[in-house]
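Structure assessment
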Amino acid sequence: MSNSLFRKKTVTQILSDASEGESSKLVKTLGVRDLTSFGIAAIIGAGIFSTIGLASYNGGPAVSLLFVFTAIACVFTALSYAQFASTVPVSGSAYTYAYVAFGELFAWIIGWALILEYAVSNMVVAISWSEYFTSMLSGFGITFPKYFATDYGSAHRAFDLVEQTKLAGTDLTTLPENTRILAQAWADAPQLGGLHLIANLPAGAVTVLITALVYIGIKESRTASNILVVLKLAVIGLVIGVGAFYVKPANWSPFAPNGVSGVLSGVASVFFAFIGFDSISTTAEECKNPQRDLPRAMLYCLAICTVLYVLITLVLTGMVNYKELGVSDPLAYVFQKVNLDFVAGVISVSAVVAITSALLVYQLGQPRIWMTMSRDGLIWKRFSTIHPKYKTPSFATIVTGFLVAVPSLFMDLKFFVDLTSVGTFFAFILVCAGILFLDARGLTAQSKFKVPYINGKYIIGVTFVLAFAYAHGLNFLSVVDEKPLLIVFWLVWAVLAVQGFRYNFSLLPVIGVLTNLYLMTELGASNWQIFGIWLVIGLVVYFSYGYRKSKLAGA
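These numbers come from a predicted model, not from an experiment. (Residues numbered from 1 in each chain as written. Predicted model: local features only at pLDDT ≥ 70, side-chain atom pairs only at ≥ 80, totals over all residues. Heavy atoms only, no water.)

1. Looking at the packing of aromatic side chains
Per the counting criterion, the structure on display carries 34 aromatic pairs. A centroid spacing of 4.9 Å and a plane angle of 70° characterise the contact between Tyr 147 and Phe 148, whose relative ring orientation is edge-to-face. Both rings, one in Phe 543 and one in Tyr 547, keep their centres 6.2 Å apart while their planes meet at 50°; by these two values the pair is tilted. With Phe 543 and Tyr 547 both in helix α23 (residues 525–549) and four residues apart, the pair spans about one turn of that helix. A residue is classified by how much of its surface remains accessible, and Phe 543, at 41% relative accessible area, is partly exposed. In this structure, Lys 9 is placed above the aromatic ring of Tyr 99, and the distance from its NZ or CZ to the ring centre is 5.7 Å. Its end group placed over the ring of Tyr 458, Lys 457 keeps NZ or CZ at 6.0 Å from the ring centre. (Phe/Tyr/Trp six-rings, centres within 6.5 Å; stacked < 30°, edge-to-face > 60°. Helix = DSSP H or I, 4+ residues; strand = E, 2+ residues; numbered from the N terminus. Buried < 20%, exposed > 50% of the residue type's maximum accessible area, 1.4 Å probe, protein only. Lys NZ or Arg CZ within 6 Å of the ring centre and 35° of its normal.)

2. Quick word on the packing of helix α9 (residues 201–216) against helix α17 (residues 394–410)
Between α9 and α17, the shortest axis-to-axis distance is 8 Å and the interhelical angle comes to 170°. Here α9 is positioned roughly antiparallel relative to α17, judged by the angle of their axes. Seen from α9, the contacting residues are Leu 201, Ala 203, Gly 204, Thr 207, Val 208, Thr 211, Val 214 and Tyr 215; seen from α17, they are Ser 394, Thr 397, Ile 398, Gly 401, Val 404, Ala 405, Ser 408 and Leu 409. Class assignment of the residues belonging to the contact of α9 with α17 gives a composition of nine nonpolar, seven polar and no charged. (Axes fitted to C-alpha atoms, helices over the stretch in contact; angles between N-to-C directions. Parallel < 35°, antiparallel > 145°, perpendicular 65-115°, else oblique. Contact = heavy atoms within 4.5 Å. Nonpolar A, V, L, I, M, F, W, Y, C, P; charged D, E, K, R; others polar.)

3. Re the environment of Leu 35
Take Leu 35: it is sitting in helix α2 (residues 32–43). Residue Leu 35 is classed as buried on the basis of its relative accessible area, which comes to 0%. As a C-alpha pair, Leu 35 and Thr 283 span 248 residues in sequence and 8.4 Å in three-dimensional space. Beyond its immediate sequence surroundings of up to four residues, Leu 35 is in contact with Leu 30, Ile 280, Thr 283, Cys 287, Asp 293, Leu 294 and Ala 297.

4. Quick notes on a nonpolar patch on the surface
On the surface, Phe 402, Leu 403, Val 406, Phe 410 and Met 411 cluster together to form a nonpolar patch covering roughly 430 Å² of accessible area. Structurally, Val 406 can be placed in helix α17. (Patch = residues over 30% accessible without salt bridge, like charges linked within 9 Å, V, L, I, M, F, W, Y side chains within 5 Å. Areas by Shrake-Rupley, 256 points an atom, 1.4 Å probe, with all protein chains shown as cover. Salt bridge = Lys/Arg side-chain N within 4 Å of Asp/Glu carboxyl O.)

5. Notes on unusual backbone geometry
The residue after Ser 253, namely Pro 254, is reached through a cis peptide bond having omega 0°. You can see Pro 254 is positioned in the loop between α10 (218–243) and α11 (259–264). The backbone phi angle of Asn 339 is positive, close to 60°, even though this residue is not glycine. The residue Asn 339 is located in the loop between α15 (330–337) and α16 (341–375) in this model. With a phi angle near 60°, Lys 391 is a residue other than glycine that sits in the positive phi range. Of note, Lys 391 is situated in the loop between α16 and α17.

6. Overview of the side chain of Asp 293
Mapping Asp 293 onto the fold places it in helix α14 (residues 290–319). What makes Asp 293 buried here is its relative accessible area of 1%. Separated by 2.7 Å, the side chains of Asp 293 and Arg 292 make a polar contact. (Polar contact = N/O pair within 3.5 Å; in protein donor to acceptor, adjacent residues only side chain to side chain.)

7. What about the packing of α10 against α16?
For the pair α10 and α16, interaxial distance at closest approach is 9 Å and the crossing angle is 145°. Judged by the twist between their axes, the crossing of α10 over α16 is left-handed. Within the contact between the two elements, α10 uses Ile 218, Ser 221, Ala 224, Ser 225, Leu 228, Leu 231, Lys 232, Val 235, Leu 238 and Val 239 and α16 uses Val 343, Val 346, Ile 347, Ser 350, Val 353, Ala 354, Thr 356, Ser 357, Ala 358, Leu 360, Leu 364 and Arg 368. Per-class residue counts for the contact of α10 with α16 are 15 nonpolar, five polar and two charged. (Left-handed = near helix turned anticlockwise from the far one by under 90°.)

8. Notes on the state of the cysteines
What we call a disulfide is simply a covalent bond connecting the sulfur atoms of a pair of cysteines. Throughout the structure, instances matching the rule amount to zero disulfides. The closest cysteine sulfur to the non-disulfide-bonded Cys 74 is located on Cys 432, 9.6 Å from its own sulfur. Judged by its relative accessible area of 0%, Cys 74 is buried. Left unpaired, Cys 301 is separated from the closest cysteine sulfur, that of Cys 305, by 5.7 Å. (Disulfide = S-S within 2.5 Å.)

Below you can see the structure in the form of structure tokens.
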């Protein structure tokens, strides 16, 4: 019996567990095209139809470069994911990979972080879907009550702001239109015992419907995803093709109006757009040839989506001044501004469909992580139950639907966008570091796909010295005082430089670790506090249940 917190599963053990029991009933039906489609569905969702506007508003046209930078960070991470996926072709994503590389405690932390990531991502997507859905209905002359299409907190804050503005004797037209609409929603909302009845019903309803589809089967989910992705790509092609004729190069000047800090302030919302490739790896046990197809699909979808995001950003910021893009539906908005209401209408309808496909992929991914953790004994056994008819993780799917639907009824979008990135960065860093560990231990001999090897023996250390010298010349102490997490970044780089010299570390996974860690330093302190609370809850669950019930505890 192993009592170590860092007890590990071998690749042979993981493959053996996946081929036995309930999970072996999963249907192997996905090919590389289906996987690429799932990746595109997840990556081009709420990000391109919603959060891209806020990022452009803060950073100006230069946000297009942020997409490139973030995509590069993701490429290094995707290469590491691809190697793990070809080595350990089972569901579980970064959780499973951490179990092999770092042991059970790290695997649990990553699994727990991924649960938060997937749930929060889907809440963002569901809330964005609701905004576009009500916008689409208004385009058809149907007014959906605003108090049943927003969250309680946003409406209450807007009402208080309007009342304060009235008391100050200031003209209400100085307030954003959306604030006035939300305040009116609070005033109009029905009451029960003095409590205003406000909830985002479309967000909750679509989550329930998508959960039902995911519950029914992987084949049905695949077909729906493929159809939605074709439609989505057609609309994005329309936006780029038509919008290009209305671009005014003058709008691209200044290119970075708020400097580097303005561009990087969009990191959370931009990075949120890219985390979808992670979800591909959760379907490994439903792939026909996971060791060949998973790596290809990850890289294909990243390349396609990066090009589309850069083009969309340049078109948006070229059609109107970046200051006008702080809206929830930027694509529809810019076409209304140039009097192309028909195109704006098509975008609103298509956005509802497109965002639905992202919701589908995230709802597909999370139950499979629950399932894998349950199979290892770390959470309740029922989570690994496979439906006898539909061949899906039934109980885990229902729980996922509940965890996403309820908060999306009552919480606001910005809170979730910021929160989703912390756990994702954490998972990405450990996956990249895991490749370094596997290489150092000689465990990559059986990998059918390997991260291209560039010897970082000297490069990591030399670049560290040069970068540190440059940073020191930029008033190092004041920068660190403003962003204390930079200390962690520099310390990790120093450790990697030493270890890289000792073990001839592969350069690309090291770049993956450092770029993700640097992007992490750009996130707000509140994100870290909430993530810390979530982590503490997870550790309590692990030590009270998972540590004792783990299959490895009895091995």
